[in-house]
Amino acid sequence: MKKLDVTCALVCLNGKTLVVQRSEKMKLPLKWEFPGGKIENGESAEDCVKREIWEELNIEIELISKLSHSNFDYPNFSIELIPFIARYVDGDIKLSEHKQYLLLEKVELNDLDWAEADIPILNEFLRL
Ligand SMILES: Nc1nc2c([nH]c(=O)n2[C@@H]2O[C@H](COP(=O)(O)OP(=O)(O)OP(=O)(O)O)[C@@H](O)[C@H]2O)c(=O)[nH]1
């Protein structure tokens, strides 16, 4: 089965965490996720996540630390999700692909309908 290497960022802004909802047209429609995307050939995970956040949200971030990778098999594809904790640095948030974004307190994150691969990452983050 096709395996995707995907990065994502848990972006902290004013003590809250930035989360995005996938659109109806994307894979995993309407699921919530941490923004990010597929690693391109020859690209480092760090460069990938900063590029994806710029492309998807129009903001610049600074990486702080890493969390554990999450491996998950969806029915049609497998994913290795590589998470970073990051800090917002600059820019006005403008979405290019997602349906909406939210800035949430940690206690609010559990209420969303998450992409399944994100759940171990969310749980590790909530324990920090
Ligand atoms: N960016 C991101 N993708 C995730 C997360 N969790 C998760 O399962 N994914 C899956 O990882 C895959 C790669 O993400 P992507 O946004 O670069 O690519 P995509 O497949 O939506 O783009 P495409 O439809 O144009 O090929 C998506 O199929 C998405 O469903 C997450 O937290 N962040």
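All values derive from a computational prediction rather than experimental measurement. Counting restarts for each chain: residues are numbered from 1 in the order of the written sequence. Confidence filtering applies because this is a predicted model: local features only for residues at pLDDT of at least 70, side-chain atom pairs given and counted only at 80 or more, and all residues used for totals across whole chains, interfaces and linings.

**Considering the site of the ligand**
Using a C-beta atom placed from the backbone, a residue is scored as near a molecule or strand whenever that atom is within 6 Å of it. Lining the immediate environment of the ligand, one finds 17 residues, of which Glu 33, Gly 36, Gly 37, Ala 115 and Ala 117 sit closest. Secondary structure elements are taken from DSSP: a helix is a run of H or I of four residues or more, a strand is a run of E of two residues or more, and numbering for both begins at the N terminus. Counting residues per element, the ones that place at least two in the shell around the ligand are strand E1 (3–13), strand E4 (36–38) and strand E7 (78–90). Classes in brief: Ala, Val, Leu, Ile, Met, Phe, Trp, Tyr, Cys and Pro nonpolar; Asp, Glu, Lys and Arg charged; the others, Gly included, polar. Of the residues contributing to the shell around the ligand, the split by class is 11 nonpolar, two polar and four charged.

**Quick word on the nonpolar core**
We call a set of buried Ala, Val, Leu, Ile, Met, Phe, Trp, Tyr and Cys residues a nonpolar core when their C-beta atoms link them within 7 Å. Working definition of burial: number of other C-beta atoms within 10 Å of the residue's own, with buried at 20 or more, exposed at 12 or fewer, and partly exposed in between, all C-beta atoms being placed from the backbone. Grouped together as the largest cluster of nonpolar side chains are 28 residues, with contacts concentrated most on Ala 9, Val 11, Ile 53, Ile 61 and Leu 81. Those elements that provide at least two residues to this core are E1, strand E2 (16–21), helix H1 (45–57), E7 and helix H3 (119–127). Ranked by residues supplied to this core, first place goes to E7 with six residues. A residue pair is marked as a contact if its C-beta atoms, positioned from the backbone, fall within 7 Å. The contacts of Leu 81, once residues within four sequence positions are left out, are Val 6, Cys 8, His 69, Ser 70, Ala 117, Asp 118 and Ile 121.

**With respect to the pairing of strand E6 (residues 70–73)**
Both faces of the sheet carry side chains from a regular strand, because those side chains alternate between them. As defined by bridge partners, E6 adjoins E7 across four bridges and the pair is classed as antiparallel. Bridging across to E7, Phe 72 finds its partner in Ile 79. Pairing between two strands is assigned when DSSP locates at least 2 bridges connecting them. Between E6 and E7, which pair antiparallel in sequence order, lie four residues.

**Digging into H1**
Here the expected length of a helix is defined as 1.5 Å per residue gap, with one fewer gap than residues. Between its first and last C-alpha atoms H1 spans 18 Å; for 13 residues at 1.5 Å apiece the expected length is 18 Å, and the two agree. For H1, the complete set of buried residues consists of Cys 48, Val 49, Lys 50, Glu 52, Ile 53, Glu 56 and Leu 57. Downstream of H1 by a residue or two, Asn 58 has a phi angle that is positive, lying close to 70°.

**Points about the UniProt feature "domain: Nudix hydrolase" (unreviewed entry) in the protein**
UniProt positions are given in the numbering used here, feature names are shortened, and annotations may be inferred rather than shown by experiment. Cross-referencing UniProt, the feature "domain: Nudix hydrolase" (unreviewed entry) maps to residues 1–126 in the present numbering. For the annotated span residues 1–126, helix accounts for 20% and strand for 40% of the residues, and the straight-line distance between the end C-alpha atoms is 31 Å.

**Observations concerning the environment of Leu 81**
Relative to the assigned elements, Leu 81 resides in strand E7. Sequence spacing of Leu 81 and Glu 33 is 48 residues, and the spatial spacing of their C-alpha atoms is 11 Å.

**Quick notes on the environment of Glu 105**
Here Glu 105 lies in the loop between strand E8 (100–104) and helix H2 (106–109). On the basis of neighbour counts, which here come to 9 C-beta atoms within 10 Å, the residue Glu 105 falls in the exposed class. When the C-alpha atoms of Glu 105 and Gly 15 are compared, they prove to be 7.4 Å apart, with 90 residues separating the residues in sequence.

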